[in-house]
Amino acid sequence: MPTPSAGEVTIEHSAIGLNFIDTYHRTGLYPVPLPSGLGLEAAGTITALGEGVDTLQIGDRVAYMGPGKDGLGAYATRRVMPVAGLFKLPDDVPSDIAAAALLKAATVEGLVERCAKVQAGDWVLVHAAAGGVGLIMVQWLSAIGANIIATASTDAKLELAKNAGAHHTILSSAGDLPEQVKTITKGTGVSAVFDGVGKDTFAVSLDCLAPRGLLVSFGNASGPVEGVNLGILAQKGSVFVTRPTLGHYYATPEDAAAGIARVWEMIGSGKVKITIGATYPLTDAAAAHRDLAARKTTGSTILLP
Ligand code: NDP
C-alpha cells in the first residue's frame, strides 16, 4: 500500500458499489487505459491522512463515486484517494447503504431534478424500473408527485417497481408499449422517458413521448444507441433527446455538494429506501458481473471486501 500524499487519505473499504458502468469498462465499451483496476464507488473508514488534510479525520466514514489518481480501482480492500472526491457520510447512513446508493441516487437526482426538471403531476416512463438506478428513481419520482409508468422484464420485477411507487407497470416484452402509454395518459404520451436500456428501447421510447417531450437516454444496458437520424425527432413530435452523464451535472464541487446533500435528505427522510438486492464477496466480483449483465439482480448490488 502506498502512503497517502498531500491532499490524500487511505480508506479501509467497508463495501463497494457494483454499477452497470463497471461492465462497460470491463468489456471495453467505455475504453480505459490498460492495465487497469475496476470500480468507481466504495464507502469505508479513513485510516491515514496525507499532509495538509484538515477537513477529514482518521475514523471518519466517507464514500466516493469516481476514479482515483490511479484511475478505476474501487474493487479493493483499501485505497488511497484524493480528498476532493470524497463525501463524508451522515451518521444515519450506514457504509453499505452509501456504497449501494451514492452513484445511483446522485444519477437520479441529476436526471430527475436538474436534467428533466420533473414537476408534480408530470407523466414519466421509467425503463428497467427494478434495477439499481430504477428502484431509486421510481421512489424519487413518487416523492415529488410524478405519475409513473414503469417497465421491467418480469412480473416479479414489476411488483418491486409497484411497491416503490409506480402507478402503472408494463412488461418490457409487451409489443405495444407506446399504445399502452397513450391509453394510460389519455392520448398524450409522457413528458419524459428515463431510458438506461439504450439500443433495445430507443425507438419505442420516442414513441411514448408527448409532443416536445424529453427522452433522457442515460445508459446502454442492451447496447449503445447508434446511427440516429435527427429527422426522426421532428416526426415523433419535435421531441428532445439528451444523452447525459453524471460528471457534467456534478462538474463543480458546489454542484456535487448540493446534489449529494439532496441525496442524503431523500434517504434520511425515508422517501427513498435503498434496496440491497444482492451482496457478493469481493473475490466473487466476476459472478456479480455475470448476474448483473444477465438481468438476474434487482435493486443495488454491493461487493464486500
Ligand atoms: P441495473 O441494476 O438497472 O441493471 C440493468 C438493467 O437493465 C437490468 O436489470 C435489466 O432490467 C435491464 N436490461 C435491459 N436490457 C438488458 C440487457 N440486454 N442486458 C442487461 N440488462 C438489460 O443497473 P444500474 O442501476 O447499475 O444502471 C442502470 C443504467 O443506468 C445503466 O444503463 C447504466 O449505465 C446507467 N447509468 C448511467 C449513468 C450516467 O451518468 N449516465 C450513471 C449511472 C448509471 P430488466 O430485466 O427489467 O429489463
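Residues numbered from 1 in each chain as written. Predicted model: local features only at pLDDT ≥ 70, side-chain atom pairs only at ≥ 80, totals over all residues. Heavy atoms only, no water.

Within strand 13 (residues 300-304), four of the five residues are buried, leaving the element largely enclosed by the surrounding structure. In this sheet, strand 13 lies alongside strand 1 (residues 8-18) in antiparallel orientation, the contact comprising three bridges. Within strand 13, the residue paired with Leu18 across the bridge is Thr301. Bridge count between strand 12 (residues 276-281) and strand 13: five bridges; the pairing is parallel. Paired with Thr279 across the bridge in strand 13 is Ile302. In this view, the connection linking strand 12 to its parallel neighbour strand 13 by way of helix 10 (residues 285-293) has right-handed handedness. (Buried < 20%, exposed > 50% of the residue type's maximum accessible area, 1.4 Å probe, protein only. Helix = DSSP H or I, 4+ residues; strand = E, 2+ residues; numbered from the N terminus. Pairing = 2+ DSSP bridges. Right-handed = clockwise from strand over helix to strand, strands pointing away.)

Turning next to the sheet that holds strand 11 (residues 240-242). Sheet architecture is open: six strands sit in the order 8-7-6-9-10-11, paired in parallel fashion. Strands with a single pairing partner mark the edges of an open sheet, and in this sheet they are strand 8 (168-171) and strand 11. Looking at each pair of strands side by side, their axes are set apart by 15° on average, direction ignored. Judged from the five bridges that link them, strand 9 (residues 190-195) and strand 10 (residues 209-217) form a sheet pairing that is parallel. Residue pairing across strands places Ala192 opposite Leu214, the latter belonging to strand 10. The sheet contacts of helix 3 (residues 132-143) involve strand 6 (123-126), strand 7 (147-152) and strand 9, and relative to strand 6 the element is tilted by about 170°. Across the sheet, helix 5 (residues 177-184) touches strand 6, strand 7, strand 8, strand 9 and strand 10, and the angle it forms with strand 8 is around 165°. (Axes fitted to C-alpha atoms, helices over the stretch in contact; angles between N-to-C directions. Contact = heavy atoms within 4.5 Å.)

Moving on: empty space enclosed by the protein. Overall, the coordinates contain one cavity of 30 Å³ or more when judged by the stated rule. Around the largest cavity sit Gly131, Gly132, Leu135, Ile136, Gln139, Lys273, Ile274, Thr275, Gly299 and Ser300, which together line it. Among the elements that take part in the lining of the largest cavity, helix 3 stands out by supplying four residues, more than any other. Of the residues that constitute the lining of the largest cavity, the class distribution is three nonpolar, six polar and one charged. (1 Å grid on protein atoms, 1.4 Å probe; cavity = no way out; pocket = protein on both sides within 12 Å on 5 of 7 lines; lining within 4 Å. Points joined across faces, edges and corners; volume = space filled by probe spheres on them. Nonpolar A, V, L, I, M, F, W, Y, C, P; charged D, E, K, R; others polar.)

Met137, Leu141 and Phe194 are the most contacted members of the largest nonpolar core, which has 80 residues in total. Here this core gets 13 residues from one element, more than from any other, and that element is helix 2 (residues 95-115). Taken domain by domain, this core gets at least three of its residues from each of domain 1 (8-100 + 250-304) and domain 2 (120-243). Core analysis: the next-biggest nonpolar cluster, separate from the first, contains 15 residues, Leu177, Val193, Leu233 and Val239 among them. (Core = buried A, V, L, I, M, F, W, Y, C linked by side-chain atoms within 4.5 Å. Domains from an automatic or database assignment.)

Bringing the domain arrangement of the protein chain into the picture now. Taken domain by domain, the protein chain holds domain 1 (8-100 + 250-304) and domain 2 (120-243). With 17 residues of domain 1 at the contact, the number on the domain 2 side is 18 residues. Counting the surface lost from both domain 1 and domain 2, the interface buries some 1300 Å², and carbon and sulfur atoms represent 61% of this. Connecting domain 1 to domain 2 are zero salt bridges. Connecting domain 1 to domain 2 are eight residue pairs in polar contact (both at pLDDT 80 or more). For the side of domain 1 that touches domain 2, the secondary-structure elements that each account for two or more residues are helix 1 (20-27) and helix 9 (253-268). In the side of domain 1 that touches domain 2, the residues fall into eight nonpolar, five polar and four charged. (Buried area = accessible area lost by both parts, 1.4 Å probe. Salt bridge = Lys/Arg side-chain N within 4 Å of Asp/Glu carboxyl O. Polar contact = N/O pair within 3.5 Å; in protein donor to acceptor, adjacent residues only side chain to side chain.)

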